[in-house]
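Results of the structural survey
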Amino acid sequence: MAKEVSSSSSPSMEEELEIYGSESGWVEARTHCDHLPSLSPDLSHIPTPDSHCSRCDHPAENWLCLSCKDVLCSRFINKHMLKHYQESRHCIALSYSDLSVWCFSCDSYLDAQMILQLRPVYEIAHLLKFGVRPPLVTVENLLN
Ligand SMILES: [Zn+2]
Ligand SMILES: [Zn+2]
Ligand SMILES: [Zn+2]
């Protein structure tokens, strides 16, 4: 008798689609965003990348709200960052899993290396996560 291979543990088609979205391939990060004025004026002190979600205590791969510096879980967990955006309109968040920056209002990634307002917090997050600054020209060099 052929033993039935357990396939019930793999995600259903619908779940896969919800997780990965449309197959649009590489998404270009924006180098401009109208919502940068909503950034916190003090992004030099941010929670560490291992901070738990402030609502459900999820321990990893959370997002940092760049308006109020709250740490919230991703849309793959309990969607607390998304809910925070819907409640507060804080739209720009930094991923502690890959340090990408997402703007909910633009519905797009932002290029944290090209957008000067985002570079300092990107560098600090990189420093906190990897122990080194990212391999790019520093803000100081750009200003000189
Ligand atoms: Zn935006
Ligand atoms: Zn959460
Ligand atoms: Zn916020």
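Just so you know, these numbers come straight off a predicted model, no measurement behind them.

1. Describing the overall build of the protein chain
- Scanning the protein chain from N- to C-terminus turns up four helices and five strands.
- The order of helices and strands in the protein chain, counted from the N terminus, is α-β-β-α-β-β-β-α-α.
- Here the analysis covers contacts within the protein chain between residues at least 6 apart in sequence; of these, 48% occur between residues at least 24 apart.

2. Digging into the environment of serine 44
- Topologically, serine 44 is positioned in the loop between α1 (13-20) and β1 (63-65).
- Along the sequence, serine 44 and alanine 125 sit 81 residues apart, while their C-alpha atoms lie 9.4 Å from each other.
- Apart from residues lying up to four places away in sequence, serine 44 is in contact with Pro120 and Ile124.

3. A closer look at the confidence of the model for the protein chain
- For the protein chain, per-residue confidence averages 85 on the pLDDT scale, and residues scoring 70 or more make up 75% of the total.
- Counted against residues more than four places away or in other chains, residues 6-10, with its pLDDT under 50, gives zero contacts.
- Segment residues 14-24: pLDDT under 50, and two contacts once partners within four positions in sequence are set aside and those in other chains are kept.

4. Description of the sheet that holds strand β5 (residues 108-110)
- In space, the five strands of this open sheet follow the order β2-β1-β3-β4-β5, with antiparallel pairing throughout. Of all strands in the sheet, those bounded by a partner on one side alone are β2 (71-72) and β5.
- The sheet contact formed by strand β3 (residues 92-95) and strand β4 (residues 101-103) spans three bridges and is antiparallel. Looking at the pairing, leucine 94 lines up with valine 101 of β4.

5. Side note on helix α3 (residues 119-130)
- Across its 12 residues, α3 extends 16 Å between first and last C-alpha, which sits within 8% of the 16 Å expected from 1.5 Å per residue.
- Of the positions making up α3, those classed as buried are Val121, Tyr122, Glu123 and Ala125.
- Buried residues in α3 make contact with β3.
- Backbone geometry just after α3 places glycine 131 at a positive phi near 85 degrees.

About the cut-offs
Residues numbered from 1 in each chain as written. Chains lettered and ligands numbered in written order. Predicted model: local features only at pLDDT ≥ 70, side-chain atom pairs only at ≥ 80, totals over all residues. Helix = DSSP H or I, 4+ residues; strand = E, 2+ residues; numbered from the N terminus. Contact = placed C-beta atoms within 7 Å. pLDDT = per-residue confidence, 0-100. Pairing = 2+ DSSP bridges. Expected span 1.5 Å × (residues − 1). Buried ≥ 20, exposed ≤ 12 C-beta atoms within 10 Å, placed from the backbone.

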